[in-house]
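# Reading the structure
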Amino acid sequence: MNDWIGILPHDDTDRRGWHFHGADLRGPLEGPALDAALKGLPSEAILMADAAGAPPEAVPANLLPDQLLHSPGGLVLPPLAQTSPAARIRAERLLLIGFMALNPNWDGVVCVPGEVTTWASLSAGEVIFLQQSLTGRLAAALGAVEMPDTSALDTTLSRPERLATDLRAAELSGQPGAAMGHLLGAELAAARGLWLGQQLAVIGTGTLARAYAAALKAQGAPVTEAAPEAMAQQGFLALAQKFGLPG
(Lines give C-alpha, C1' and ligand atoms only; values in the text may rest on other atoms or scores of the structure.)
Protein backbone atom coordinates (compact mmCIF):
# COMPACT_ATOMS: atom_id res chain seq x y z
CA MET A 1 0.00 0.00 0.00
CA ASN A 2 1.43 3.36 -1.04
CA ASP A 3 0.15 6.94 -1.06
CA TRP A 4 -3.56 7.60 -1.03
CA ILE A 5 -5.91 10.42 -0.09
CA GLY A 6 -9.18 10.42 1.83
CA ILE A 7 -11.55 13.30 1.08
CA LEU A 8 -14.39 14.56 3.25
CA PRO A 9 -16.35 16.93 1.00
CA HIS A 10 -18.75 19.58 2.17
CA ASP A 11 -19.16 21.41 -1.12
CA ASP A 12 -16.99 22.42 -4.04
CA THR A 13 -15.40 25.27 -2.08
CA ASP A 14 -14.87 23.49 1.25
CA ARG A 15 -13.19 20.12 0.90
CA ARG A 16 -10.83 18.56 3.40
CA GLY A 17 -8.47 15.72 2.71
CA TRP A 18 -5.82 13.65 4.43
CA HIS A 19 -2.68 12.26 2.82
CA PHE A 20 -1.84 8.73 3.93
CA HIS A 21 1.11 6.52 3.18
CA GLY A 22 -0.22 3.08 3.90
CA ALA A 23 -1.59 3.32 7.44
CA ASP A 24 0.52 6.39 8.29
CA LEU A 25 -1.07 9.82 8.25
CA ARG A 26 1.21 12.28 6.48
CA GLY A 27 -0.95 15.34 7.02
CA PRO A 28 -4.11 17.28 6.19
CA LEU A 29 -4.75 18.79 2.78
CA GLU A 30 -6.97 21.72 1.83
CA GLY A 31 -7.52 24.07 -1.08
CA PRO A 32 -4.78 24.25 -3.75
CA ALA A 33 -2.60 21.73 -1.89
CA LEU A 34 -5.39 19.15 -2.03
CA ASP A 35 -6.05 19.85 -5.71
CA ALA A 36 -2.36 19.46 -6.53
CA ALA A 37 -2.05 16.19 -4.60
CA LEU A 38 -5.08 14.69 -6.32
CA LYS A 39 -3.63 15.32 -9.79
CA GLY A 40 -0.83 12.87 -9.20
CA LEU A 41 -2.92 9.95 -8.00
CA PRO A 42 -4.93 7.28 -9.83
CA SER A 43 -8.64 7.12 -9.01
CA GLU A 44 -8.20 3.88 -7.03
CA ALA A 45 -5.96 5.80 -4.59
CA ILE A 46 -8.64 8.40 -3.84
CA LEU A 47 -11.38 7.62 -1.32
CA MET A 48 -14.34 9.97 -1.01
CA ALA A 49 -16.80 9.96 1.86
CA ASP A 50 -19.45 11.73 -0.19
CA ALA A 51 -20.42 12.00 -3.84
CA ALA A 52 -23.52 13.49 -5.42
CA GLY A 53 -25.83 10.88 -6.88
CA ALA A 54 -24.15 7.87 -5.27
CA PRO A 55 -26.76 5.11 -4.77
CA PRO A 56 -27.42 4.42 -1.09
CA GLU A 57 -27.58 1.21 0.89
CA ALA A 58 -30.75 0.59 2.91
CA VAL A 59 -30.82 0.76 6.71
CA PRO A 60 -30.38 -1.48 8.65
CA ALA A 61 -26.92 -2.05 7.24
CA ASN A 62 -23.38 -2.88 8.27
CA LEU A 63 -21.38 0.26 9.01
CA LEU A 64 -18.50 -1.04 6.89
CA PRO A 65 -19.80 -1.58 3.35
CA ASP A 66 -19.31 -4.78 1.39
CA GLN A 67 -17.88 -2.76 -1.48
CA LEU A 68 -16.95 0.77 -2.46
CA LEU A 69 -18.54 2.54 -5.40
CA HIS A 70 -16.43 3.51 -8.40
CA SER A 71 -16.61 7.00 -9.89
CA PRO A 72 -14.35 8.99 -12.22
CA GLY A 73 -13.08 10.97 -9.20
CA GLY A 74 -12.22 7.97 -7.07
CA LEU A 75 -13.73 5.33 -4.82
CA VAL A 76 -16.87 6.37 -2.93
CA LEU A 77 -18.26 5.26 0.42
CA PRO A 78 -21.94 4.48 -0.28
CA PRO A 79 -24.54 6.61 1.51
CA LEU A 80 -27.11 5.06 3.82
CA ALA A 81 -30.83 5.71 3.44
CA GLN A 82 -33.94 4.88 5.40
CA THR A 83 -37.54 5.04 4.24
CA SER A 84 -39.47 5.57 7.48
CA PRO A 85 -38.78 8.00 8.93
CA ALA A 86 -37.00 9.34 5.87
CA ALA A 87 -33.29 9.80 6.50
CA ARG A 88 -30.10 9.79 4.47
CA ILE A 89 -26.47 10.05 5.56
CA ARG A 90 -23.36 10.40 3.44
CA ALA A 91 -20.18 11.66 5.08
CA GLU A 92 -21.72 10.93 8.50
CA ARG A 93 -21.24 7.22 7.75
CA LEU A 94 -17.48 7.75 7.69
CA LEU A 95 -17.56 9.42 11.12
CA LEU A 96 -19.57 6.51 12.53
CA ILE A 97 -17.10 4.02 11.05
CA GLY A 98 -14.25 5.92 12.67
CA PHE A 99 -16.01 6.04 16.03
CA MET A 100 -16.65 2.30 15.97
CA ALA A 101 -13.06 1.62 14.92
CA LEU A 102 -11.93 3.35 18.12
CA ASN A 103 -14.74 1.86 20.23
CA PRO A 104 -15.19 -1.77 19.10
CA ASN A 105 -18.23 -3.62 20.48
CA TRP A 106 -19.85 -0.30 21.43
CA ASP A 107 -23.66 -0.32 21.30
CA GLY A 108 -25.66 2.85 21.69
CA VAL A 109 -26.74 6.04 19.95
CA VAL A 110 -24.47 8.53 18.21
CA CYS A 111 -25.61 12.10 17.55
CA VAL A 112 -23.90 14.05 14.76
CA PRO A 113 -25.05 17.69 15.04
CA GLY A 114 -25.09 19.93 12.02
CA GLU A 115 -27.40 21.84 9.73
CA VAL A 116 -29.09 18.45 9.51
CA THR A 117 -28.58 16.54 12.74
CA THR A 118 -28.37 12.74 12.65
CA TRP A 119 -29.16 10.27 15.41
CA ALA A 120 -27.87 6.78 14.64
CA SER A 121 -28.60 3.65 16.66
CA LEU A 122 -25.62 1.31 16.43
CA SER A 123 -25.39 -2.32 17.49
CA ALA A 124 -22.95 -5.11 16.63
CA GLY A 125 -21.31 -3.01 13.92
CA GLU A 126 -24.61 -2.18 12.23
CA VAL A 127 -26.67 0.98 11.77
CA ILE A 128 -30.03 -0.18 13.08
CA PHE A 129 -32.03 3.03 12.83
CA LEU A 130 -31.65 6.66 11.78
CA GLN A 131 -33.50 9.80 12.79
CA GLN A 132 -32.73 13.30 11.51
CA SER A 133 -33.82 16.83 12.33
CA LEU A 134 -33.36 20.39 11.10
CA THR A 135 -32.65 21.85 14.54
CA GLY A 136 -29.25 23.17 13.48
CA ARG A 137 -30.70 24.89 10.42
CA LEU A 138 -33.55 26.38 12.45
CA ALA A 139 -31.19 27.59 15.16
CA ALA A 140 -28.98 29.30 12.58
CA ALA A 141 -32.00 30.95 10.94
CA LEU A 142 -33.13 32.27 14.34
CA GLY A 143 -29.64 33.40 15.35
CA ALA A 144 -29.88 31.00 18.27
CA VAL A 145 -26.75 28.86 17.98
CA GLU A 146 -25.94 29.30 21.65
CA MET A 147 -25.55 27.13 24.70
CA PRO A 148 -29.08 26.15 25.71
CA ASP A 149 -30.92 27.69 28.62
CA THR A 150 -31.68 24.73 30.90
CA SER A 151 -35.06 26.04 32.01
CA ALA A 152 -36.20 26.50 28.41
CA LEU A 153 -34.87 23.03 27.54
CA ASP A 154 -36.86 21.42 30.35
CA THR A 155 -40.01 23.38 29.49
CA THR A 156 -40.13 22.24 25.88
CA LEU A 157 -38.92 18.73 26.65
CA SER A 158 -42.03 18.41 28.82
CA ARG A 159 -44.37 20.25 26.43
CA PRO A 160 -42.95 20.09 22.89
CA GLU A 161 -46.31 21.10 21.43
CA ARG A 162 -45.62 24.64 22.68
CA LEU A 163 -42.41 25.00 20.64
CA ALA A 164 -43.62 27.68 18.22
CA THR A 165 -45.14 29.76 21.03
CA ASP A 166 -42.06 29.44 23.23
CA LEU A 167 -39.77 30.41 20.35
CA ARG A 168 -41.78 33.58 19.79
CA ALA A 169 -41.49 34.45 23.48
CA ALA A 170 -37.73 33.89 23.35
CA GLU A 171 -37.49 36.08 20.25
CA LEU A 172 -39.36 38.96 21.90
CA SER A 173 -37.24 38.72 25.03
CA GLY A 174 -34.00 38.66 23.03
CA GLN A 175 -32.82 35.39 24.57
CA PRO A 176 -31.06 33.19 21.98
CA GLY A 177 -30.05 30.74 24.69
CA ALA A 178 -33.72 30.21 25.51
CA ALA A 179 -34.53 29.68 21.83
CA MET A 180 -31.75 27.08 21.60
CA GLY A 181 -33.10 25.41 24.72
CA HIS A 182 -36.60 25.24 23.26
CA LEU A 183 -35.34 23.80 19.97
CA LEU A 184 -33.23 21.16 21.67
CA GLY A 185 -36.02 20.35 24.10
CA ALA A 186 -38.33 19.57 21.20
CA GLU A 187 -35.70 17.46 19.49
CA LEU A 188 -34.84 15.49 22.62
CA ALA A 189 -38.54 14.85 23.15
CA ALA A 190 -38.86 13.51 19.59
CA ALA A 191 -35.75 11.33 20.00
CA ARG A 192 -36.39 10.25 23.60
CA GLY A 193 -37.07 6.66 22.58
CA LEU A 194 -33.59 6.54 21.02
CA TRP A 195 -31.33 8.11 23.65
CA LEU A 196 -33.03 7.37 26.96
CA GLY A 197 -31.09 4.72 28.86
CA GLN A 198 -28.51 4.26 26.08
CA GLN A 199 -24.79 4.82 25.76
CA LEU A 200 -24.48 8.14 23.96
CA ALA A 201 -21.87 9.90 21.87
CA VAL A 202 -21.83 13.30 20.19
CA ILE A 203 -19.50 13.75 17.22
CA GLY A 204 -18.88 17.41 16.52
CA THR A 205 -17.08 20.59 17.45
CA GLY A 206 -18.17 24.15 18.03
CA THR A 207 -21.12 25.66 19.83
CA LEU A 208 -23.81 23.50 18.23
CA ALA A 209 -22.14 20.22 19.20
CA ARG A 210 -21.47 21.51 22.72
CA ALA A 211 -25.13 22.52 22.98
CA TYR A 212 -26.29 19.00 22.13
CA ALA A 213 -23.86 17.45 24.61
CA ALA A 214 -24.95 19.89 27.32
CA ALA A 215 -28.63 19.22 26.63
CA LEU A 216 -28.16 15.47 26.99
CA LYS A 217 -26.00 15.83 30.10
CA ALA A 218 -28.70 18.05 31.63
CA GLN A 219 -31.00 15.01 31.43
CA GLY A 220 -28.49 12.93 33.37
CA ALA A 221 -27.29 11.06 30.28
CA PRO A 222 -23.59 10.09 30.11
CA VAL A 223 -22.15 11.43 26.88
CA THR A 224 -18.88 10.65 25.08
CA GLU A 225 -17.72 13.59 22.94
CA ALA A 226 -15.62 12.98 19.83
CA ALA A 227 -13.96 15.26 17.28
CA PRO A 228 -15.16 14.76 13.68
CA GLU A 229 -11.72 15.15 12.09
CA ALA A 230 -10.28 12.38 14.26
CA MET A 231 -13.28 10.16 13.48
CA ALA A 232 -12.88 10.86 9.77
CA GLN A 233 -9.21 9.86 9.84
CA GLN A 234 -9.99 6.65 11.68
CA GLY A 235 -12.86 5.94 9.30
CA PHE A 236 -10.60 6.25 6.28
CA LEU A 237 -8.03 3.96 7.89
CA ALA A 238 -10.70 1.36 8.67
CA LEU A 239 -11.85 1.41 5.03
CA ALA A 240 -8.27 1.22 3.78
CA GLN A 241 -7.63 -1.79 6.01
CA LYS A 242 -10.71 -3.59 4.68
CA PHE A 243 -10.25 -2.76 1.01
CA GLY A 244 -6.47 -2.52 0.73
CA LEU A 245 -6.22 0.99 -0.69
CA PRO A 246 -4.88 1.79 -3.15
CA GLY A 247 -5.80 -1.07 -5.45
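To start, this report covers the structure provided alongside it. Each chain carries its own residue numbering, running from 1 in the direction its sequence is written. A pLDDT threshold of at least 70 governs which residues receive local features in this predicted model, and a stricter bar of 80 or more applies before side-chain atom pairs are shown or counted, although totals over entire chains, interfaces and linings include all residues. Computation of side-chain values: all heavy atoms of the structure, hydrogens and water removed.

## Some words on the pattern of salt bridges
Stated precisely, the cut-off is as follows: Put simply, a salt bridge is a Lys or Arg side-chain nitrogen that is within 4 Å of an Asp or Glu carboxyl oxygen. Each helix is a run of H or I in the DSSP string that is no shorter than four residues. Each strand is a run of E no shorter than two, and both are numbered from the N terminus. Exposure classes here rest on a 1.4 Å probe applied to the protein chains alone. A residue is buried below 20% of its type maximum, exposed above 50%, and partly exposed in between.
All chains considered together, the criterion is met by 9 salt bridges. R93 is the salt-bridge partner of E57, the closest N and O atoms lying 3.0 Å from each other. Highlighted residues: E57 in strand 5 (residues 57–58) and R93 in helix 2 (residues 91–102), separated in sequence by 36 residues. Since its relative accessible area comes to 24%, E57 is described here as partly exposed.

## Some remarks on the packing of helix 4 (residues 150–158) against helix 6 (residues 176–190)
Cut-off, in case you're wondering: The angle between two axes is taken between their N-to-C directions and runs from 0 to 180 degrees, where each axis is a line fitted to C-alpha atoms and a helix contributes only its stretch in contact. For any helix crossing, the convention is left-handed if the near helix is rotated counterclockwise from the far helix by under a right angle, and right-handed if that rotation is clockwise. Any two residues having at least one pair of non-hydrogen atoms within 4.5 Å are treated as being in contact. In this classification, Asp, Glu, Lys and Arg are treated as charged, Ala, Val, Leu, Ile, Met, Phe, Trp, Tyr, Cys and Pro as nonpolar, and every other residue, Gly included, as polar.
At a minimum axis distance of 7 Å, the contact between helix 4 and helix 6 shows a crossing angle of 35°. The element helix 4 and its partner helix 6 pack so that their crossing is right-handed. Residues A152, L153, T156 and L157 of helix 4 lie in contact with helix 6, whose contacting residues are A178, G181, H182, L184, G185, A186, L188 and A189. Tallied by class, the residues present in the contact of helix 4 with helix 6 amount to 8 nonpolar, 4 polar and no charged.

## Section: the nonpolar core
As a reminder, the rule being used: Residues enter a nonpolar core if they are buried and are Ala, Val, Leu, Ile, Met, Phe, Trp, Tyr or Cys, with the set joined through side-chain atoms within 4.5 Å.
Counting residues in each nonpolar core, the largest one holds 40 residues, and the members touching the most others are L96, F99, V110, L122 and I203. A per-element tally of this core places helix 2 first, with 7 residues. Not counting residues within four places of it along the chain, the set of residues in contact with F99 comprises W106, V110, A201, I203, T224, A226 and M231. L157, L167, A179 and L184 belong to the second-largest nonpolar core, a separate cluster that totals 31 residues.

## Here we look at the pairing of strand 15 (residues 223–226)
Note the threshold: Strand pairing requires that DSSP identify at least two bridges connecting the strands. Orient the strands so they point away from the viewer; a crossover is then right-handed if the path from the first strand over the helix to the second runs clockwise.
Summarising the sheet, strand 14 (residues 200–203) and strand 15 pair through 4 bridges and their orientation is parallel. Residue pairing in the sheet places L200 in a bridge with V223 of strand 15. In the classification by handedness, the crossover that spans strand 14, the intervening helix 8 (residues 206–218) and the parallel strand 15 is right-handed.

## Description of the sheet that holds strand 12 (residues 117–123)
The strand order 6-13-12-11-14-15 describes an open sheet built from 6 strands, whose pairing is mixed. Taken across any chain shown, the strands that pair with only one partner, and hence form the sheet edges, are strand 6 (61–62) and strand 15.

## Digging into helix 6
Think of an α-helix as 3.6 residues a turn; residues three or four steps apart then line up on the same face. We count it as follows: Under the convention used throughout, the expected extent of a helix is 1.5 Å for every residue step, that is, one less than its residue count.
An ideal rise of 1.5 Å per residue puts 21 Å on 15 residues; helix 6 measures up with 21 Å between its terminal C-alpha atoms. Buried residues dominate helix 6, accounting for 13 of its 15 residues.

## Quick look at the environment of A178
The topology assignment puts A178 in helix 6. Separated by 13 residues in the primary sequence, A178 and T165 have C-alpha atoms spaced 12 Å apart.

## Topic: the packing of aromatic side chains
To be explicit about the condition: For Phe, Tyr and Trp, rings pair up if their centres lie within 6.5 Å, where Trp contributes its six-membered ring, and each pair is then called stacked (planes under 30 degrees apart), edge-to-face (over 60) or tilted (otherwise).
All told, the structure shown has 5 aromatic pairs when counted by the stated rule. For the ring pair F99 and W106, a centre distance of 5.0 Å and an interplane angle of 85° mean the geometry is edge-to-face. Grouped by ring-pair contacts, the aromatic residues W4, W18, F20 and F236 constitute a single cluster.

## Describing the sheet that holds strand 10 (residues 87–89)
Taken in spatial order, the 3 strands make up an open sheet running 5-9-10, and their pairing is mixed. Lying at the two open borders of the sheet, with one neighbouring strand each, are strand 5 and strand 10. In this sheet, strand 10 lies alongside strand 9 (residues 80–82) in antiparallel orientation, the contact comprising 3 bridges. Opposite A81, over in strand 10, you have R88 as the bridge partner. Contacts from helix 2 reach strand 5, strand 9 and strand 10, with the element oriented near 70° to strand 10.

## As for the environment of M180
Note that M180 resides in helix 6. Expressed as a C-alpha distance, the spacing of M180 and L142, which sit 38 residues apart in the sequence, is 9.0 Å. Apart from the residues within four sequence positions on either side, M180 is in contact with T135, A139, A144, V145, E146, P148, L208 and A211.

## Description of helix 4
Here is the rule we go by: It is the directions from the helix axis to the C-beta atoms whose arc is reported.
Within helix 4 the residues assigned to the buried category are A152, L153, T156 and L157. Buried residues of helix 4, seen end-on, are gathered within an arc of 130° and therefore sit on one face of the element. For helix 4, the exposed residues lying more than 90 degrees away from the buried face are S151 and S158. Check the buried side of helix 4 and you find it contacts helix 5 (163–173), helix 6, helix 7 (192–195) and helix 8.

## Quick notes on the packing of helix 5 against helix 6
Applicable threshold: Oblique is the label for any angle not under 35 degrees, not over 145, and not in the 65 to 115 range, which are roughly parallel, roughly antiparallel and roughly perpendicular in turn.
Closest axis-to-axis distance for the helix 5/helix 6 pair is 8 Å, and the angle between their directions is 170°. With respect to helix 6, the element helix 5 is oriented roughly antiparallel. Every pair of crossing elements has a handedness; the one defined by helix 5 and helix 6 is left-handed. Listed contacts from helix 6 to L163, D166, L167 and A170 of helix 5 are A178, A179, H182, L183 and A186. Taken together, the residues of the contact of helix 5 with helix 6 sort by class into 7 nonpolar, 1 polar and 1 charged.

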